[in-house]
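Each chain, written out:
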Amino acid sequence: MVLRSGRIFSLAVLLALVVLTYYFIRKAKKARPKVRSFSALESLKMAVGRAAELGRPVMWLTGAAGEGLYGRAGNVTLAAMGVLGYLTSLVVPLKAKLIACNAYAEAHPLIEEVMKTEYIRAGKPEMYDANNVRYSPLWYPYVTAVLGHLARERPAAIFFGGVFGHESIVISEPAGVIGSFNVAGTISANQMGYFAATCEDWFFGDEMYAIGAFLSRDPYQMGSLTSGDILKWSLLVLILAGILLSSLGSNIIVQLLAS
Amino acid sequence: MSLFQRREIVVVLTTAVAVAVIADYWTTLPVYGGTFMEWAVILGAFAMGLAGFSTIRYHIGHALKKTKGLWVFSVWWMIVLAITVLTGLAGLALTFKAEDNPIYIWILNNVYAPLNIAEYGLTGFFTISASYRLLRARTKSSLVFMLVALLVMLGSIAISEAIWSQLPVPGQWISSVPGAAGERGATIAMGIGSVIFALRAMTGRERGYLPE
């Protein structure tokens, strides 16, 4: 058999998602779908303006807990780079300094390129400083390095993007103490409480994946968000059906999921 | 205009590799998706060199410029780097072991691990500090947050059971029923969001991380 057993249902879900995404992308060409705004993006804009007024830098940083771009959560680090591009586009006209801290070697060249591209796009390539893209591997050296940057350069706005372990609280709480305006974007469910306590605004869960589409204002990308919403509702119906059928003694949904 | 611009090359390669990896996961076809994963690790080693070079350049710059409040740390960083690299190479030459090098293991156990644990300990202090700022019940939502946090805390600590056997029950229920349900719902939504992000990346629509 060509298909691997036990993975057929998940393949069917993937194919359904591909078909739905294609359909809604085509549909979005005629009418752009409405996407709710993200308050955290407005907060970021405000925070960058505040940092420029105070003459203090803006910081963008990844977590150190994930597996970088290799792991299952690599996508969220890429999504956070979309926010980095947006932040760079905000700081350039205000002549503010942007520092990017990163714990993953394989992400380092991409981060450099994203920032450089935005400086070039804004017509200010001379403002790009490679020393503002900083790399420290592993949890302990990374946290130590970031805390050092916080103490010395006192950023007034910080965006935390990616997968986080408890570096979320170890970095974001001292950041709050030095008067930084913190915004977080993460899929790390067990760190969301920490970020809720220490950040002024946040993107949680699948919002992180939607930012790129929202920022681009590209109808194709925004159409893809609709397909995700439809699939979420479909899976919710499936879960409710599973609860009902299991209560009635049928395990048909369990068998379907395991197929 | 060039037929293949930089961004297009990236998109074509991304799509080709992603299709191979996906096909490897779901089918028994000989598409060798795993090989691409191994290539990614090798490419990552080159990126490690680039990132390492960038970090060395940063510290050399501050050491040469004698940046106030930083140059001493930059010099110290380079000394520690040199010691680690040289002792590692010496260990390799003496023992012919690239892995389980005894000198590296000594540095790891006696320098790195204690510092790591000490920094880990900071988590508790920062959690208390953040909790204090949060738990001042400035708004209705922070009041709810505070009450839930209090109940969950009571469900986790040993003393609450000593006070009254039923005291941990509400907190444990919050963690295991609404908390777990919410987390699973968020996990499903994140999974779907991630797949859609990947589809956009594979079709070249998601451009936030792509250079021009």
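Residues numbered from 1 in each chain as written. Chains lettered and ligands numbered in written order. Predicted model: local features only at pLDDT ≥ 70, side-chain atom pairs only at ≥ 80, totals over all residues.

Caption draft 1: Main features of the overall build of chain B. Looking only at helices and strands, chain B features seven helices and zero strands. The globule rule puts the C-alpha radius of gyration for 212 residues at 17 Å, and the 26 Å found for chain B is more than 25% above it. In terms of its C-alpha atoms, chain B occupies a principal-axis envelope of roughly 65 × 50 × 40 Å. Among the 212 residues that make up chain B, the fraction classed as buried is 14%. A separation of at least 24 residues holds for 16% of the contacts in chain B among residues at least 6 apart in sequence. (Helix = DSSP H or I, 4+ residues; strand = E, 2+ residues; numbered from the N terminus. Rg over C-alpha atoms; globule rule 2.2 N^0.38 Å. Buried ≥ 20, exposed ≤ 12 C-beta atoms within 10 Å, placed from the backbone. Contact = placed C-beta atoms within 7 Å.)

Caption draft 2: The overall build of chain A, seen in detail. Looking only at helices and strands, chain A features ten helices and six strands. The dimensions of chain A, computed from C-alpha atoms along their principal axes, are 65 × 45 × 35 Å. A total of 259 residues make up chain A; the buried ones form 50% of that total. Across chain A, the fraction of contacts at a sequence separation of at least 24, relative to all contacts at a separation of at least 6, is 74%.

Caption draft 3: Quick look at the sheet that holds strand 1 (residues 58–61) of chain A. Residue and element names in this part refer to chain A. Spatial strand order, 3-2-1-4-5-6: six strands in an open sheet with parallel pairing. Single-partner strands in this sheet number two, and they are strand 3 (133–135) and strand 6 (201–204). With strand direction ignored, the average angle separating the axes of adjacent strands in the sheet is 15 degrees. Examined bridge by bridge, strand 1 and strand 4 (residues 157–162) share four bridges and lie parallel to one another. Looking across to strand 4, one finds that V58 is bridged to A157. Strands strand 5 (181–186) and strand 6 of the sheet are contacted by helix 8 (residues 207–216), whose axis makes an angle of about 100 degrees with strand 6. (Pairing = 2+ DSSP bridges. Axes fitted to C-alpha atoms, helices over the stretch in contact; angles between N-to-C directions.)

Caption draft 4: Focus on the nonpolar core. All names here are of chain A. The biggest cluster of nonpolar side chains holds 93 residues, and the ones touching the most others in it are V48, V58, L84, L87, A100 and I111. No other element matches helix 3 (residues 74–94), which puts twelve residues into this core. Among all residues touching A100, those that are not within four sequence positions of it are W60, L84, I111, M115, N132, V133 and R134. (Core = buried A, V, L, I, M, F, W, Y, C linked by C-beta atoms within 7 Å.)

Caption draft 5: Structural context of the interface of chain A and chain B. Taken together, the contact pairs 57 residues of chain A with 49 residues of chain B. Counting residues per element, the side of chain A that touches chain B draws most heavily on helix 9 (residues 219–247) of chain A, which supplies eight residues. Residue composition of the side of chain A that touches chain B, by class: 30 nonpolar, 17 polar and ten charged. (Nonpolar A, V, L, I, M, F, W, Y, C, P; charged D, E, K, R; others polar.)

Caption draft 6: Seen up close, the confidence of the model for chain B. Across chain B, the average pLDDT comes to 82, with 92% of residues at 70 or higher. Scored as a whole, the predicted complex attains pTM 0.86, and scored at its interfaces, ipTM 0.85. (pLDDT = per-residue confidence, 0-100.)

Caption draft 7: Structural view of helix 2 (residues 33–65) of chain B. The terminal C-alpha atoms of helix 2 of chain B, which comprises 33 residues, lie 48 Å apart, in line with the 48 Å expected from a rise of 1.5 Å per residue. The complete set of buried residues in helix 2 of chain B reads A47, A51, S54, T55 and H62 of chain B. Close packing links the buried residues of helix 2 of chain B with helix 4 (108–121) and strand 3 of chain A together with helix 3 (71–95) of chain B. K66 of chain B lies just past helix 2 of chain B and shows a positive phi near 50 degrees. (Expected span 1.5 Å × (residues − 1).)

Caption draft 8: View of the confidence of the model for chain A. Per-residue pLDDT for chain A has a mean of 88; in total, 100% of the residues score no lower than 70. Taken element by element, chain A is modelled with least confidence in helix 8 of chain A, mean pLDDT 83, and with most confidence in strand 1 of chain A, mean pLDDT 96.

Caption draft 9: Looking closely at the packing of helix 5 (residues 140–156) of chain B against helix 7 (residues 169–202) of chain B. Residues and elements named next belong to chain B. In contact at an axis separation of 7 Å, helix 5 and helix 7 are set at 105 degrees when each is read in the N-to-C sense. Between helix 5 and helix 7, the angle is such that the two are roughly perpendicular. Residue-level inspection shows V148, L151, V152, M153, L154, G155 and S156 of helix 5 in contact with helix 7, the latter providing P170, G171, Q172, I174 and S175. (Parallel < 35°, antiparallel > 145°, perpendicular 65-115°, else oblique.)

Caption draft 10: Spotlight on the environment of A47 of chain B. Along the polypeptide, A47 of chain B turns up in helix 2. Those residues within four positions of A47 of chain B in sequence are excluded, and the remaining contacts are A105, E106, H108 and P109 of chain A.

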